[in-house]
Amino acid sequence: MNGILITNKYHVSYSFATMKKFLLDAAHKYDIELKLFDNISIYDYIESSNYKRPDFVLFFDKDVKLARFLENMGLKLFNSSESIRICDDKASTYLHLQNKGIDMPKTIFSPLIYYHDIADDDEYIEYILNHTRFPFVYKECVGSFGQQVFLVNNKKELLDRISKSGTWPFIVQEFIESSFGKDLRLYVVGDKVVGSIKRENTSGDFRANIELGGVASKYIPSEYEKNIALKAKEVLNLDFCGVDILFGEGEKRYLCEVNSNAYFVGLNKVLEINVAEYIFEYIKKNISI
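Throughout what follows, the structure given in this document is the object of discussion. (Residues numbered from 1 in each chain as written. Predicted model: local features only at pLDDT ≥ 70, side-chain atom pairs only at ≥ 80, totals over all residues. Heavy atoms only, no water.)

### Section: helix α7 (residues 155-165)
Buried within α7 are the following residues: L158, R161, I162 and S165. Taken around the axis of α7, the buried residues stretch over an arc of 100°, which confines them to a single face. In α7, those exposed residues whose orientation departs by more than 90 degrees from the buried face are K156 and K164. The inward-facing, buried residues of α7 contact α6 (122-131), β6 (136-140), β7 (149-152) and β8 (170-174). The N-capping residue of α7, defined by a side-chain oxygen 3.2 Å from the backbone nitrogen of K156, is N154. (Buried < 20%, exposed > 50% of the residue type's maximum accessible area, 1.4 Å probe, protein only. Helix = DSSP H or I, 4+ residues; strand = E, 2+ residues; numbered from the N terminus. Arc of directions from axis to C-beta. Contact = heavy atoms within 4.5 Å. Polar contact = N/O pair within 3.5 Å; in protein donor to acceptor, adjacent residues only side chain to side chain.)

Following this line, the structure appears as structure tokens:
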């Protein structure tokens, strides 16, 4: 079996490089010839005389246009371009999971904006203020590692944040105070939760992301928590994903986000497992050659 691994040329980090090595080593273990390309070099390879049609493409990027291009060539992608597109847009993720039996924080969407700064649109600002309460979470619809997620405490902060977003779409979400600085990350491959961690940030940041100072620890999820992750994976038609879950009051849980190509290096280290091996085991079972 031979495959192609697609990553992003413009994202460079130690964690990302380590994850690529995990994937390449796991492919070798499962007797898979895996060629590595970024989202630029793949075009030259496809047009070269050395091109060999792969049995699959493991798409560890969010370049949706490239993913669709490869699917238009008849290639099988893990994950699909549509699933990646939905997960990379927080508003789309919410809408696809709405009314599917999954609890999520109350969410308000930005309108379609052309050239106007809606920070001076009193009607829309009042709509937000009348349908939520401070503090609340402001998220630009596209972003990673918690970088485009903010806690808004008053009207001035809201107006400043909207002005900085410009015409970029965003959502406003209810703040789950009981999950301040902590959440769960469940990693799903196929129909199985293969690993779970609790992330906690004690620096005073409400975001639990490891990239922002969060620390991961082992966590044994309940059936309730696993069902949230598995249901989200099923509805979004994902092959594998990372599902972030917030702590509500008591045993209550809320789905926060779904990541189509979530990093797993930290999870591997904490749990002493190899998520990459689960991914290739799943691919081998779901490819007909």
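### Digging into the sheet that holds strand β5 (residues 107-109)
What the four strands build is an open sheet, ordered β5-β8-β6-β7; its pairing is antiparallel. Only two strands of the sheet have a single partner each, and these edge strands are β5 and β7. Going from strand to strand, the sheet's axes swing by 25° on average, the running direction of each strand aside. Packing of helix α5 (residues 90-97) onto the sheet brings it into contact with β5, β6 and β8, and relative to β5 it is tilted by some 125°. α6 rests against β5, β6 and β8 of the sheet, and its axis sits at about 175° to β5. (Pairing = 2+ DSSP bridges. Axes fitted to C-alpha atoms, helices over the stretch in contact; angles between N-to-C directions.)

### As for the packing of aromatic side chains
The tally for this structure, following the rule as stated, stands at 17 aromatic pairs. Ring geometry for F16 against Y263: centres 5.6 Å apart, planes inclined by 20°, an arrangement best described as stacked. Taken together, the residues F16 in helix α1 (residues 14-29) and Y263 in the loop between β13 (253-259) and α9 (265-271) connect sequence positions 247 residues apart. There is no split in this pair, since F16 and Y263 are both buried. Between F56 and F78, the aromatic rings sit 6.2 Å apart at their centres with planes inclined by 75°, giving edge-to-face as the arrangement. Of the two residues, F56 is situated in strand β3 (residues 56-59) and F78 in strand β4 (residues 77-78); the sequence distance between them amounts to 22 residues. (Phe/Tyr/Trp six-rings, centres within 6.5 Å; stacked < 30°, edge-to-face > 60°.)

From the geometry alone we can't say anything about function, so treat these as descriptive.
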